Amino acid sequence: MLCALLWRRRLEGVRLMSERVKPDIAALLYMLHEQTQQMESNLSIREAEVTLVQRISDRVASLPALPPVTPDPEALVAALRHEVRQLKHEVRFRDVGTVQYVGTGVATLSGLPRVRTDELVTFPTGVQGMILNLESSHVDVILLGPEEGIQGGDLATATGERLRVPVGQRLLGRVVNPLGVPLDGEGPIEAADYLYLERDAPGIVERTPVSKPLHTGLKVVDALVPIGCGQRELIVGDRQTGKTTLAVDTIINQQDGLGSETPAIERGVDCIYVAIGQKKSTTLAVIETLRQTGALDYTTVVMSSPDDPPALRYLAPYAGCTMAEFLMYQGRDVLIVYDDLSKHADAYRELSLLLRRPPGREAYPGDIFYLHSRLLERSSKLCDELGGGSLTALPIVETQRGNLSAYIPTNLISITDGQIVLDADLFNRGVKPAVNPGQSVSRVGGAAQTPAMRAVSGRLRLDLSQFEDVARFARIGAEVDEATQRQIQRGLRLQAALTQPANRPLPLALQIALLLAVTEGHLDDVPLEELRKFEQDLLERVKKEHPALVGQLERTGDLTAEMHQLFLETVQHQRDAWHQGRVET
């Protein structure tokens, strides 16, 4: 009875469920039809594959059988003997050294009795190193790659080759590392040649005196410390005083609007910017500035960052100088900026201490002077027989709290042909570029200055020096007479007229027009707060009213009496317009 009751309840549940779920018969039939068609198509594909395999098998079976291969031992032996007779017997010797010590970016090897300085050696990991120092019992090597995987006892093989870098016109507009490897992602470099990093500087007979000016576009530099093609002018100053900005403005001022695709003989000055141990963000900002102003088209950037091996920071200026030298010997005028040699000296000190070389003053090795002298001596103005090219160097060195008597700054001051000293106090007072006229000097002098600039800047340095002397008394509250007060006011306007915004170099003709106005006393009644606006209006008037005069002065560099009078008349017209505007307001 209980089993029958349970069975009846189960049948009742099935009946109720069938009443609730009413299947869609048409949908079920359509789905079965689709699945049947898919199965038929798969079956036909398999039948086609089987048919193709069968046809291939039948074709292979119908081919004639290959004749059996019967080896001929005597002919095989004769052929081998003939090949052996053609071989040349020779003994090859390979210099092999053993790793005795591995440090951060350096290694010390024993053996290698026939290697030379600057020769490349190869380690088992594939990393190459360059011989830096030769001793009687060992050699010191700087690594051009990571030291991971190199251990004591490993064998290093001498290559017999010295380090070379690519050179040529195709490097202009590119960003490379000190080994010439492109970093800008624009593909490989089409090098005209590969040259050694270390080369002898041109001799005295191969040089000619510096006489051609290289304009920076900065009024205070072109007027007070003129630079010539082939000169070495040091830029020295504390941190964050505008050293890199001054050098970049000089590069921007070499722009002629023709670009790197123009034949070299028609272009202006080619430029090399070497970033030595600079932060990547700083170097990228410089590259972006050059790109925005169009100066990157004729500039090669050699980049070594702080996270690179110390060997790359040590080799960076030599690589950039080699690239610049190739262009110089092609008859080109080249400008190279080393930013900066303080970090270069630090990298060499790091390598020397890691190699356990005896330290000297400020822990620098004894040959630190030779490190920079052999680099900067390669800058020169070649004679006409060698093409008449020139290599102008603008090395940068950083000081601590204006201490020019530190070791590295004094070394570089004695090597170079002058220095541009940037003063932190002037920079903090808003005088930019913060050039100290009393400590800055160019040993080439007026020989590297156009006659027009020499004529208008003759008394400029003296006036500024006298202004600084009397301004000190005024700052401490001393009483001054009326003549001294006028001198101070004139000096303030001279100083304000020589200030200039960053990345906005001026052509030579516009510099001369402005310097004429301020040295002739035409700006004495212009308030200091309105001097910048007056200067901009004056330059716009000169460009608009005398374009032919500006072009002629740019070409010849001579300021005739007629030009002088026209400039003064333009200044007077601008003064009248300025006074009229003040009356109306």
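Conventions adopted
- Residues numbered from 1 in each chain as written.
- Predicted model: local features only at pLDDT ≥ 70, side-chain atom pairs only at ≥ 80, totals over all residues.
- Heavy atoms only, no water.
- Helix = DSSP H or I, 4+ residues; strand = E, 2+ residues; numbered from the N terminus.
- Contact = heavy atoms within 4.5 Å.
- Areas by Shrake-Rupley, 256 points an atom, 1.4 Å probe, with all protein chains shown as cover.
- Buried < 20%, exposed > 50% of the residue type's maximum accessible area, 1.4 Å probe, protein only.
- Arc of directions from axis to C-beta.
- pLDDT = per-residue confidence, 0-100.
- Pairing = 2+ DSSP bridges.
- Axes fitted to C-alpha atoms, helices over the stretch in contact; angles between N-to-C directions.
- Phe/Tyr/Trp six-rings, centres within 6.5 Å; stacked < 30°, edge-to-face > 60°.
- Polar contact = N/O pair within 3.5 Å; in protein donor to acceptor, adjacent residues only side chain to side chain.
- Patch = residues over 30% accessible without salt bridge, like charges linked within 9 Å, V, L, I, M, F, W, Y side chains within 5 Å.
- Salt bridge = Lys/Arg side-chain N within 4 Å of Asp/Glu carboxyl O.

J.: So what exactly am I meant to see when it comes to the overall build of the protein here?
T.: Counting its regular elements, the protein contains 18 helices and 16 strands. In the protein, the proportion of contacts linking residues at least 24 apart, taken out of those at least 6 apart, comes to 74%. Counting only carbon and sulfur atoms, one obtains 54% of the accessible surface of the protein, whose full area is about 31,000 Å².

J.: When you look at helix α17 (residues 547–556) in this model, what are you seeing that I'm missing?
T.: An α-helix turns once every 3.6 residues. As a result, residues three or four positions apart point the same way. Those residues of α17 lying buried are Leu549, Val550 and Leu553. For α17, the arc enclosing every buried residue in end-on projection is 100 degrees, short of the 170-degree limit, so these residues lie on one face. In α17, the exposed residues that point more than 90 degrees away from the buried face are Pro547, Ala548 and Arg555. Downstream of α17 by one or two residues, glycine 557 has phi in the positive range, about 75 degrees.

J.: I tried to follow the confidence of the model for the protein on my own but got confused; where do I start?
T.: In low-pLDDT segments, the atomic positions of the prediction should not be examined closely. Put simply, the protein has an average pLDDT of 85, and 87% of its residues get 70 or more. This stretch, residues 1–7, has a pLDDT under 50; its non-local contacts, to residues over four places away or in other chains, come to zero contacts. Between residues 16–22, whose pLDDT stays under 50, and residues either more than four places distant or in other chains, the model counts zero contacts.

J.: Mind showing me how you'd approach the sheet that holds strand β12 (residues 299–304) here?
T.: Each strand in a sheet pairs with its neighbour through backbone hydrogen bonds, running either in the same direction (parallel) or in the opposite one (antiparallel). Within the open sheet, the eight strands sit side by side as β8-β12-β11-β13-β14-β10-β15-β16. Their pairing is mixed. The open sheet is flanked by β8 (175–176) and β16 (441–442), the only strands paired with a single partner. Bridge count for strand β11 (residues 270–276) against strand β13 (residues 333–339) is six bridges, and the pairing is parallel. The residue bridging alanine 275 from the neighbouring strand is aspartate 339, located in β13. The sheet strands contacting helix α5 (residues 243–253) are β10 (234–237), β11, β12, β13, β14 (390–398) and β15 (418–422), and the helix crosses β14 at an angle near 165 degrees. Against the sheet, helix α8 (residues 341–354) makes contact with β11, β13 and β14, and its axis sits at roughly 75 degrees relative to β14, the strand it touches most.

J.: Help me understand the packing of aromatic side chains in this model?
T.: Counting across every chain of the model gives four aromatic pairs. Relative to tyrosine 348, the ring of tyrosine 314 has its centre 5.4 Å away and its plane inclined at 20 degrees; by these criteria the two rings are stacked. One end of the pair, tyrosine 314, is in helix α7 (residues 310–329); the other, tyrosine 348, is in helix α8, with 34 residues separating them in the sequence. When its relative accessible area of 4% is taken as the criterion, tyrosine 348 is described as buried. Taking the centre distance of 6.1 Å and the plane angle of 90 degrees together, the rings of phenylalanine 534 and tryptophan 578 count as edge-to-face. On the criterion of sequence distance, the pair formed by phenylalanine 534 in helix α16 (residues 531–545) and tryptophan 578 in helix α18 (residues 561–584) is long-range, its members being 44 residues apart.

J.: Looking at this model, I keep getting lost on the side chain of arginine 357. Mind explaining?
T.: Mapped onto the elements, arginine 357 comes out in the loop between α8 and α9 (368–376). Its relative accessible area of 18% is what places arginine 357 among the buried residues. Here aspartate 367 takes part through its side chain, which lies 3.5 Å from a polar atom of the side chain of arginine 357. Sequence-distant contacts of arginine 357, defined by excluding residues within four places in its chain, comprise Leu132, Asn133, Tyr348, Ser352 and Asp367.

J.: What is the right way to read the pairing of strand β4 (residues 128–134) from this model?
T.: Both faces of the sheet carry side chains from a regular strand, because those side chains alternate between them. Burial analysis of β4 places five of its seven residues in the buried class, the great majority of the element. Two elements, strand β3 (residues 119–122) and β4, share three bridges in a ladder whose sense is antiparallel. Residue pairing across strands places leucine 120 opposite methionine 130, the latter belonging to β4. Counting the residues in the hairpin turn of β3 and β4 gives five residues, including glycine 126, whose phi is positive at 95 degrees. In this structure, β4 lies alongside strand β5 (residues 139–143), joined through five bridges in antiparallel fashion.

J.: How should I be thinking about the sheet that holds strand β1 (residues 96–102) in this particular structure?
T.: On the basis of which strands lie adjacent, the closed barrel formed by six strands has the order β1-β2-β5-β4-β3-β6 and antiparallel pairing. Pairs of neighbouring strands in the sheet enclose a mean axial angle of 45 degrees, with direction left out of account. Bridging between strand β2 (residues 106–111) and β5 involves four bridges; their strand directions are antiparallel. Among the inter-strand pairings, valine 106 is bridged to a residue of β5, identified as isoleucine 142.

J.: What's the story with the environment of histidine 546 in this structure? I'm lost.
T.: With respect to the helices, strands and loops of the structure, histidine 546 is situated in the loop between α16 and α17. Along the sequence, histidine 546 and leucine 566 sit 20 residues apart, while their C-alpha atoms lie 8.7 Å from each other. Not counting residues within four places of it along the chain, the set of residues in contact with histidine 546 comprises Arg541, Leu566 and Thr570.

J.: Even after reading the chapter, I still don't get a nonpolar patch on the surface, so can you show me in this structure?
T.: Nonpolar side chains collect at one region of the surface, where Ile56, Val60 and Leu63 lie side by side and expose about 290 Å² of accessible area between them. Turning to its location among the elements, isoleucine 56 is positioned in helix α2 (residues 25–62).

J.: I tried to follow the environment of alanine 192 on my own but got confused; where do I start?
T.: Locating alanine 192 in the fold gives a position in the loop between β8 and β9 (193–196). By relative accessible area, which is 56% here, alanine 192 ends up exposed. For the pair alanine 192 and glutamine 169, spaced 23 residues apart in sequence, the C-alpha to C-alpha distance is 7.5 Å. Each residue touching alanine 192, except ones within four places of it in the same chain, is listed here: Val167, Gly168 and Phe326.

J.: Would you mind going over the side chain of serine 373 with me for this structure?
T.: With respect to the element layout, serine 373 can be found in helix α9. Given the relative accessible area of 14%, serine 373 is considered buried. A distance of 3.3 Å separates a polar side-chain atom of serine 373 from the backbone oxygen of tyrosine 370.

J.: Sorry if this is basic, but what is going on with helix α10 (residues 407–415) here?
T.: The buried fraction of α10 amounts to seven of the nine residues, a majority that puts the element mostly inside the structure. Here α10 has its buried residues at Tyr407, Ile408, Pro409, Asn411, Leu412, Ile413 and Ile415. The inward-facing, buried residues of α10 abut β10, α8, α9, β14 and β15.

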